[in-house]
Each structure stands twice: as structure tokens, then as C-alpha cells.
Amino acid sequence: MKFNRRHFLKQSALCAAGVTLAPKLTLSSPTVLTAARTPKSTAQGELIFRPHFVQNGRGPHLLDWAYASDVNWDAFHSNITSSNEGVKISDTEGEKKFGIDVRWNVEGFGYIYITADNGGEFYELPPAGKSAMLNLNHELAKSRVTRNRRRMNLHAKDGWKPSREVAAFINLAEEYFADALKAQSDGEKCGALAQKALYFAMWAGEMMELEKAEHAIAKRGYRPNFLVGCDARAFYEISKDLFMERFPELFNYATITYVVNGDPQMRYFEPEEGKLQFEYRDLLFKELQKQGITVEGRLLFWFHKWVTPDWLKKKTYEELLKYVERHTREVIGHYGDGMYGWEIVNELHDWANECQLTPEQTIELTKFACEMAKATAPKVHRVVNNCCPYAEYVQLKEWSGQPAKYPQRTPWKFTKDLVDAGVDFTIIGQQMYFPYRDLQDIIMLLERYEVFGKPVQISEIGVSSGPNERSTKLGKLGFPTEPYVWHRPWDEELQADWLEGVFTLAYSKPYIEAANWFDFVDPYSYIDNGGLLRTPKGEKKAAFDRLKNLQEKWMSLK
């Protein structure tokens, strides 16, 4: 199966280097970044990572798509390819040191994305005309075993000590890897031993991070201001009385969407330019306030192909900025200081870009919108929300609806550009729909945002509970035909396991102020069968109870 981001994201629920941009805001026509007529060749020798398929099942065991990441773990474009013959790369487009990110089947853990980075030392291409071959199994094991040891040492500085189980898994991984090192002359034997090392290392990594999170939570105690949230559109998807009974059981935080041309359950917010439909949202806002639930308005500007009407796409850049000013003032001004925050832009990090903005213009527009928002309601937070945490779209060279016209950045690089440009936003939002990554990768990705010194929200969290009778009959979500992606095939208890893991990790980090599940009720959730209620009748899934129990556990720390 060839890689497609839309398929990747939905199934996972079952599931370059850039110059810092600090532009001055100008009302100008789009800047066209014209490539040199004869680009300088960056091709060098070929580095090949040869897989050894020692798994027992039928596979697939290696996805026929991969990407490269730099020393900071930011994806960049390259000529990397993946097949059963190996992962091959010979042109990193100027990046000297790099890692590779491949989806590899670790039987007993999952068919999941893993980064190989030469044990933290990273790879370099051989000289032009030369080639070099590495054992993929060995490199994956080396990278994860080495990283686990680094994480162990880091966590120990905070007084954490591994349990007997974690220590045993760490030791087993290291012992198998030591055996693999001795067997490097025999590729198949080395691959088999490395695969065992990788199995224990993957489990050890997750258990370690969860244990460390529990240690940090116990040490810090109850966090009364932590926000546990969810989008509130289910108010219009189930009985309103049932919604007002179930929703406050779990959530002290809610988001209401103001998508220009989407969200049919709540009617399109701006079906025609300038004709804003507040009625449905105002009713929901007032009902949530009655329950003492903190509310965020979101998706003020989201230029995704799903929701961007032609009248908006056709605007010149100058016209678009005028619309941004008018729309920001009118929508935010409607609520004054009533909202906790507004999501100013969503997925503008070179992904949702139907207005075809240059990288500079995405910064300019975000800065301008934040200025207008602050001028209208200075006490209300301004959120910049990002999707695609590992930025696979950079390798695909795709926007949400068309090939990308301009250089692309990862969400982290976009955030850095905003900070460097002095953009006055107050909260970083990062989506985390199941990313085909393990829990250690998830928390390490989120830790990267701490450097900016701003509160972080995990703005959208979601994963499927697997197929059910309805989804199977409708052909929307059937039974899996390839190896499971995480621990076992998705079911309601596994959905609860993953939810508990992500919320625990979030709660353990003082700079993460909120974790928001998406969505509340099936079959209306964005991720197929990703809701916490099984049907509009309100039957609670295991994940509903798990989240409630988790919060009661935290409250006991008062």
C-alpha cells in the first residue's frame, strides 16, 4: 500500500532547514519563491538499510514509504525510498546528519513507526560514487536501546527509579543487543537477535515513561487548574439532556467550533461571506457556562480543503488580511471576555493552505490575527493549533488539498518561526490523534515544545475503539487485514489503555495545561469509532470510565 496522509491518519486511529522568518507585516501580493534555474546537486553516495524479515506472520513488516529527520527530529524532504529490498537514501538535500523513520513490525508490540538514528549519533551519506549497507534490524534496535538508557539516566535525576519489571525489560533489551553486536557478520542471525532486543526495548520505553509520569504526578500532587476537555458539538448530536448529564461527568473544558463552511450538525457558521450564524453556538455556550465549564472558541482561521469556500480561496492576500481583521473583531467581539481562549489559526504550518500562502505570509497573517484578537479581547488567550506532529507531509510535499507550492516546515519549526517573529500568541496547541508512534515518542515530541516557555494544550486526542457491527456493515471500518499497530487489534479496552497513557503523560508535565479528547459520541466522531459514548443513546465505553477513574485518582492527591 502506497502512503497517503489521509489514509495514514484515519487508519492509524484503528488503528528545509529554514531561515528564521521575522517579517514585517505588509499588505502585499504573495511572494513567489522561485527556485534556481539549475539547482545545485546535493546527491552523494547511497546508504542502504537492509531489512531481515525474521517475523513469523505474513506481514507486511516494512511499509513501502519512509522519511528522514534531522538531528532535532524534524522531518525534511529527501529521496528516501523503502521496499523489501531495503530503505535507500542518497540525497538529503543538504542535511549532513540524519535519521530515518520507518514503519516496522515488532511482533508482540506493533507495526509502528520507529526512528533509527545511529544510537543518537545520526547517519551521514557516503561520498559520491560509493555505497554502504547497514542492517535495518540492528539499527532500529541500537537506536531504541541507546535512547532508553539515555531516558533512564535523565529520569533518575528527578529521583525516579525503575520498577523491577522495567529494569528487567531494559536489561533484556541490552543483553539481546549485545548478542546482536557479536553476530554482525551473520546478517540474519544479527537481525533476529536485534529484533528481540527491539521488542523488549519498545515495551521498556513505554513502561518507563508511564512510571516516570506517575512519579512526577505523585511528587507534584493534584493540579486543580488542569483542563480535561472535548469538543462540544455532541450537544446537537444526542439528546440535550443526556449531553448535559454525560459531558460534565468527564470534562471541565469544552471547545465550540466556528468553521466557516463546515460542521453541519451546528449549521455552517458563515454560509455566505459576512453572514455569521451565532444562534446555535450561543445556546451551547450559555449551557456550558451554566455547568461551570470553561469554553474555548476554535478554528477562527482554518484554510483546509474541507472547509474553505471558493469566495475565500479567491481573495488576494490584501483582501484576505482585510477579511481576517473584520472576522476576528466581529467573532471575538461577540463574546468579549467570555471565552477562555480562541484558536486563532489551525494547521497553518504549511499543511492546511488552500489560500496558497507563502511561508512568510503564514507568519504575517498569524501575527496580524493575534494582534486583532488581543485588541478586541486582551484577557482572552490566543491559541495556535498544529496537526501532524511528526510532519510526514514534508516528505510528501503536500498541502491538505493539493501539491505544496512552497517549502514546508514541521509544526515545531513553524512555532519557532512565530516566536522568533514576535507573534503574540499565548498557548501552543498540538493535535495527537494516534500517530502510529509509541507513547515514548509521543511524550518526547511534546517535550520539545517546553523550550518556548508557553502553556501547551494537547488540543485534539483521538483513537478508534475498533470495528463494531454498524461500522462493518456500512463498510466504514472493517476488521484489520495487516498486523496490529499497537499492542493488539483495537477494541474498547485498548482505546481506554491508550487514552489513559496519553492523559497520564500530559498530566505529569506542568507546562501542559490541557488535554482534549475528540470526539464524544459515535458514530459522529472524526476518528471512526473514536467516541467515548458508543451511540447517541449514551452507552459509556471503557474509555469513558477510564478517564473518569483517572481524574478521581488525581483528585485523591489533594
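A quick note: this is a predicted structure, and the numbers were derived from the prediction, not measured.

Of the regular secondary structure elements, the chain holds 15 helices and 16 strands. Relative to a compact globule of 558 residues, whose C-alpha radius of gyration would be 24 Å, the chain shows 24 Å and is just as compact. When the backbone C-alpha atoms are referred to their principal axes, the chain occupies close to 70 × 60 × 50 Å. With 558 residues in all, the chain has 58% of them scored as buried. Accessible surface for the chain amounts to roughly 22,500 Å². Of this, 50% is attributable to carbon and sulfur atoms. In the chain, 71 positive and 75 negative side-chain charges are present, and the distance between their average locations comes to 1 Å.

Residue-level pLDDT values for the chain average 92, and 92% of them are 70 or greater. Predicted confidence is poor over residues 1-36, with pLDDT under 50, and the contacts of this stretch with residues over four places away or in other chains come to 97 contacts.

Another point: the sheet that holds strand E3 (residues 75-76). In space, the 4 strands of this open sheet follow the order E3-E2-E6-E7, with antiparallel pairing throughout. The sheet is open, and its two borders are formed by E3 and strand E7 (110-116), each paired with just one other strand. The pairing of strand E6 (residues 99-106) with E7 spans 7 bridges and is antiparallel. By the bridge assignment for E7, Val102 is matched with Ile114. The sheet contacts of helix H4 (residues 187-220) involve E6 and E7, and relative to E6 the element is tilted by about 95°.

What the 4 strands build is an open sheet, ordered E4-E5-E1-E8; its pairing is mixed. The open sheet has two edge strands with one neighbour each: strand E4 (81-83) and strand E8 (131-135). For this sheet, the mean inter-axis angle between neighbouring strands, taken without regard to orientation, is 15°. Pairing of strand E1 (residues 46-50) with strand E5 (residues 86-89), which is carried by 3 bridges, proceeds in the antiparallel orientation. Of the residues in E5, the one forming a bridge with Leu47 is Ile89. The sheet contacts of helix H2 (residues 136-156) involve E1, E5 and E8, and relative to E8 the element is tilted by about 65°.

Right, let's talk about helix H14 (residues 492-507) for a bit. With 16 residues, H14 extends 22 Å between its outermost C-alpha atoms, agreeing within 8% with the 22 Å of an ideal straight helix rising 1.5 Å per residue. Of the residues making up H14, those classed as buried are Leu494, Gln495, Ala496, Trp498, Leu499, Gly501, Val502, Phe503, Thr504, Leu505, Ala506 and Tyr507. For H14, the N-terminal cap is Asp491; the gap from its side-chain oxygen to the backbone nitrogen of Glu493 is 3.1 Å.

Once that is clear, we can look at the packing of aromatic side chains. Aromatic rings in a pair are described by how distant their centres are and how their planes are angled relative to each other. As enumerated under the stated definition, the model contains 46 aromatic pairs in all. Seen in terms of ring centroids, Phe247 and Phe251 are 4.8 Å apart; in terms of plane orientation they differ by 50°. Their pairing is tilted. Both residues of the pair, Phe247 and Phe251, belong to the buried class. Plain terms: the ring middles of Tyr258 and Phe269 are 5.1 Å apart, the flat faces sit at 90° to each other, and that makes the pair edge-to-face. Of the two residues, Tyr258 is situated in the loop between strand E10 (253-257) and helix H6 (279-290) and Phe269 in the loop between E10 and H6; the sequence distance between them amounts to 11 residues. We note that Tyr258, like Phe269, is buried. The cationic tip of Lys240 hangs over the ring face of Phe235; the distance from NZ or CZ to the ring centre is 5.3 Å. Lying over the aromatic face of Trp412, Arg448 brings its terminal NZ or CZ to 4.5 Å of the ring centre.

Quick look at the nonpolar core now. By size, the foremost hydrophobic cluster in this structure holds 171 residues, and its most contacted members are Phe243, Trp498 and Phe520. The element contributing the most residues to this core is H4, with 14 residues. In this view, Trp498 contacts Met432, Tyr433, Phe434, Pro435, Leu439, Ile442, Ile461, Gly462, Val463, Trp486, Trp490 and Trp517; residues no more than four positions away in its chain are not counted.

What follows covers the side chain of Ser78. On the secondary structure map, Ser78 appears in the loop between E3 and E4. According to the relative accessible area criterion, Ser78 is buried, its value standing at 3%. Engagement of the side chain of Ser78 in a polar contact is seen with the backbone nitrogen of Ile80, the distance being 3.2 Å. The residues touching Ser78, leaving out its near neighbours within four places in the chain, are Ala68, Ile89, Asp91, Thr92, Glu93 and Gln395.

For the rest of this paragraph, the subject is the state of the cysteines. Applying the stated criterion across every chain, the model contains 0 disulfides. For Cys370, which is in no disulfide, the shortest distance to another cysteine sulfur is to Cys355 and amounts to 17 Å.

The final tally for this structure, using the stated rule, is 44 salt bridges. Of the charged contacts in the structure, one is a salt bridge between Arg382 and Asp424, with a shortest N-O distance of 3.3 Å. Here Arg382 is found in strand E13 (residues 381-386), whereas its partner Asp424 is found in the loop between helix H11 (411-420) and strand E14 (427-433), with 42 residues between them in sequence. For Asp424, a relative accessible area of 28% puts it in the partly exposed group. Among the ionic contacts, a cluster of salt bridges with common partners joins Asp101, Arg144, Arg147, Arg437, Asp438 and Asp441.

Interaxial distance between H2 and helix H3 (residues 164-182) falls to 10 Å at its minimum, and their mutual angle equals 140°. With respect to each other, H2 and H3 are oriented oblique. When you trace H2 past H3, the crossing you get is left-handed. Residue-level inspection shows His138, Ala141, Lys142, Val145, Asn148, Arg149 and Met152 of H2 in contact with H3, the latter providing Ile170, Asn171, Ala173, Glu174, Phe177 and Leu181. The residue inventory of the contact of H2 with H3, partitioned by class, reads 7 nonpolar, 3 polar and 3 charged.

Mapping Val423 onto the fold places it in the loop between H11 and E14. Apart from residues lying up to four places away in sequence, Val423 is in contact with Ile363, Thr366, Lys367, Cys370 and Leu418.

Moving on to helix H5 (residues 240-250). Within H5, burial applies to Leu242, Phe243, Met244, Arg246, Phe247 and Leu250. The inward-facing, buried residues of H5 contact strand E9 (227-231), E10, H6 and helix H15 (542-555).

Definitions and limits used
- Within each chain, residues carry numbers counting from 1 in the order of the written sequence.
- Per-residue local features of the predicted model are confined to residues with pLDDT of at least 70, and side-chain atom pairs are confined, for both listing and counting, to 80 or more; whole-chain, interface and lining totals are unaffected and use all residues.
- Only heavy atoms go into the side-chain values, all of them from the structure, while hydrogens and water stay out.
- We count a stretch as a helix when DSSP gives it H or I for four or more residues in a row; a strand needs E for two or more, and each element gets its number in order from the N terminus.
- Taken over C-alpha atoms, the radius of gyration is set against a globule rule of 2.2 Å times the number of residues to the power 0.38.
- Only protein chains enter the accessibility calculation, which uses a 1.4 Å probe. A residue is then buried if its area is under 20% of the maximum for its type, exposed if over 50%, and partly exposed in between.
- In these tables, accessible area is a Shrake-Rupley quantity obtained with a 1.4 Å probe, and a residue counts as shielded only by the protein chains included in the view.
- Only four residue types enter the charge count: Lys and Arg as positive, Asp and Glu as negative, with His and the chain ends excluded.
- Taken as the charge centre is NZ of Lys, CZ of Arg, CG of Asp or CD of Glu, depending on the residue.
- pLDDT is a per-residue confidence score from the predictor, ranging from 0 to 100.
- It only takes one pair of heavy atoms within 4.5 Å for two residues to be counted as in contact.
- Strand pairing is defined by DSSP finding a minimum of two bridges between the two strands.
- Note on method: axes are straight lines fitted to C-alpha atoms, helices fitted across the in-contact stretch only, with angles between N-to-C directions ranging 0 to 180 degrees.
- Here the expected span of a helix is defined as 1.5 Å times the quantity of residues minus one.
- Any pair of nitrogen or oxygen atoms within 3.5 Å is treated as a polar contact; in protein, a donor-acceptor pairing is required on top of that, and neighbouring residues in sequence qualify only through side-chain atoms on both sides.
- Between the rings of Phe, Tyr and Trp (Trp by its six-membered ring), a pair exists once the centres lie within 6.5 Å; its type follows the angle of the planes, with under 30 degrees stacked, over 60 edge-to-face, and the other angles tilted.
- Any Lys NZ or Arg CZ found within 6 Å of a ring centre and within 35 degrees of that ring's normal is scored as a charge over the ring.
- Grouping buried Ala, Val, Leu, Ile, Met, Phe, Trp, Tyr and Cys residues that are joined through side-chain atoms within 4.5 Å yields what is termed a nonpolar core.
- To count as a disulfide, a pair of cysteine sulfur atoms needs to be within 2.5 Å.
- Salt bridges are defined by distance alone: a side-chain nitrogen of Lys or Arg within 4 Å of a carboxyl oxygen of Asp or Glu.
- For this classification, under 35 degrees means roughly parallel, over 145 means roughly antiparallel, 65 to 115 means roughly perpendicular, and everything else is oblique.
- Crossing handedness: left-handed means the near helix sits turned counterclockwise from the far one by under a right angle, and right-handed means the same turn made clockwise.
- Residue polarity is assigned by list, with Asp, Glu, Lys and Arg as charged and Ala, Val, Leu, Ile, Met, Phe, Trp, Tyr, Cys and Pro as nonpolar; anything else, Gly included, falls into the polar class.

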